[in-house]
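Secondary and tertiary structure notes
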Amino acid sequence: MITIAQLTRLPRRFGKYYDRQFLPLLERTGLSMREIHVLLFLANHPGQDTARDVTEFRGLAKSQVSQAVEVLAGRGLLARRADGEDRRVIHLEITGEGVPLAREAQAVQAACGRRLLAGLAEEEQTVFLNLLERVLREMEELSIEKECGYEP
């Protein structure tokens with residue numbers, strides 16, 4: 001039976017493993033993991049291309065996303081484009097110079113997932129990913145107002 005300790009340890013351990021996979025890319029480019037997160041989010045989520053989208057879906061602070069966008073734009077990897085209907089909305093797009101880096105980061109990300117699931121048969125991977133998706137959906141449906149089922 002899985003314990004709460006295992007569940008709480010999982011995100012930390014996965015985060016450390018995941019970030020380590022990007023070390024060669026970070027060292028070569030001089031970018032931070034936060035900047036790679038922003039680049040990957042934009043590459044992996046077409047149509048969700050504002051700093052607000054990155055903040056909401058990646059769980060990063062607004063200031064962290066702003067700083068990352070500044071660095072990426074300053075290096076010519078991202079461009080900002082005002083929305084045609086609402087000038088307050090700024091869309092972010094990966095530039096031609098940023099596309100190869102985004103693709104390389106996506107390849108690191110994909111390899112990371114493959115290595116994690118390598119010990120499972122293909123059918124087991126499918127079952128695991130389906131169950132994980134169900135658990136994640138359930139977590140999203142939970143709210144602070146809902147009780148956790150604890151009864152003294």
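Here's what I pulled together on the structure shown here.

Here is what the cut-offs are and how they apply
- Residues numbered from 1 in each chain as written.
- Predicted model: local features only at pLDDT ≥ 70, side-chain atom pairs only at ≥ 80, totals over all residues.
- Heavy atoms only, no water.
- Helix = DSSP H or I, 4+ residues; strand = E, 2+ residues; numbered from the N terminus.
- Buried < 20%, exposed > 50% of the residue type's maximum accessible area, 1.4 Å probe, protein only.
- Contact = heavy atoms within 4.5 Å.
- Areas by Shrake-Rupley, 256 points an atom, 1.4 Å probe, with all protein chains shown as cover.
- Lys, Arg positive; Asp, Glu negative; His and termini not counted.
- Charge placed at Lys NZ, Arg CZ, Asp CG, Glu CD.
- 1 Å grid on protein atoms, 1.4 Å probe; cavity = no way out; pocket = protein on both sides within 12 Å on 5 of 7 lines; lining within 4 Å.
- Points joined across faces, edges and corners; volume = space filled by probe spheres on them.
- Nonpolar A, V, L, I, M, F, W, Y, C, P; charged D, E, K, R; others polar.
- Phe/Tyr/Trp six-rings, centres within 6.5 Å; stacked < 30°, edge-to-face > 60°.
- Core = buried A, V, L, I, M, F, W, Y, C linked by side-chain atoms within 4.5 Å.
- Patch = residues over 30% accessible without salt bridge, like charges linked within 9 Å, V, L, I, M, F, W, Y side chains within 5 Å.
- Salt bridge = Lys/Arg side-chain N within 4 Å of Asp/Glu carboxyl O.

Here we look at the overall build of the protein
Regarding its fold elements, the protein presents 7 helices and 2 strands. Its helices and strands taken in sequence order, the protein reads α-α-α-α-α-β-β-α-α from the N to the C terminus. With the C-alpha coordinates aligned to their principal axes, the bounding extent of the protein is approximately 50 × 40 × 25 Å. Evaluated residue by residue, the protein yields a buried proportion of 26% over its 152 residues. Across the protein, the fraction of contacts at a sequence separation of at least 24, relative to all contacts at a separation of at least 6, is 47%. Total accessible area computed for the protein in this model is approximately 11,100 Å², and 55% of it derives from carbon and sulfur atoms. With 21 positive and 23 negative side-chain charges, the protein shows a separation of 6 Å between the mean positions of the two kinds.

Digging into the layout of surface pockets
Empty space within the largest pocket amounts to approximately 1,800 Å³. What lines the largest pocket is a set of 37 residues, and nearest its centre among them are Leu10, Pro11, Phe14, Leu132 and Leu136. No other element matches helix H1 (residues 4–21), which puts 15 residues into the lining of the largest pocket. The residue inventory of the lining of the largest pocket, partitioned by class, reads 22 nonpolar, 8 polar and 7 charged. Along the walls of the second largest pocket sit Thr50, Ala51, Arg52, Thr55, Lys62, Ser66, Arg88, Val89, Ile90 and Leu92, which together make up its complete lining. Broken down by secondary-structure element, the contributors of at least two residues to the lining of the second largest pocket are helix H4 (51–58), helix H5 (62–74) and strand E2 (90–94). The element that contributes the greatest number of residues to the lining of the second largest pocket is H4, accounting for 3 residues. For the lining of the second largest pocket, the per-class residue count stands at 4 nonpolar, 3 polar and 3 charged.

Section: the packing of aromatic side chains
All told, the structure shown has 4 aromatic pairs when counted by the stated rule. Among the aromatic residues, those joined into a cluster by ring pairs are Phe14, Tyr17, Tyr18 and Phe22.

Some points on the nonpolar core
If you look at the biggest cluster of nonpolar residues, it comprises 27 residues, and the most contacted ones within it are Phe22, Ile36, Val38, Leu42, Val54 and Leu78. The set of elements that each furnish at least two residues to this core consists of H1, helix H2 (23–29), helix H3 (33–44), H5 and helix H6 (99–117). The dominant element in this core, judged by the number of residues it contributes, is H3, at 7 residues. Those residues in contact with Phe22, other than ones at most four positions away along the chain, are Met33, Ile36, Leu40, Ala105, Val108 and Gln109.

Concerning a nonpolar patch on the surface
Nonpolar side chains collect at one region of the surface, where Leu120, Phe128, Leu129, Leu132, Val135, Leu136 and Met139 lie side by side and expose about 580 Å² of accessible area between them. Secondary-structure assignment places Val135 in helix H7 (residues 122–141).

With respect to the side chain of Asp53
When you line up the elements, Asp53 lands in helix H4. The contacts of Asp53, once residues within four sequence positions are left out, are Phe41, Gly47, Gln48 and Arg58.

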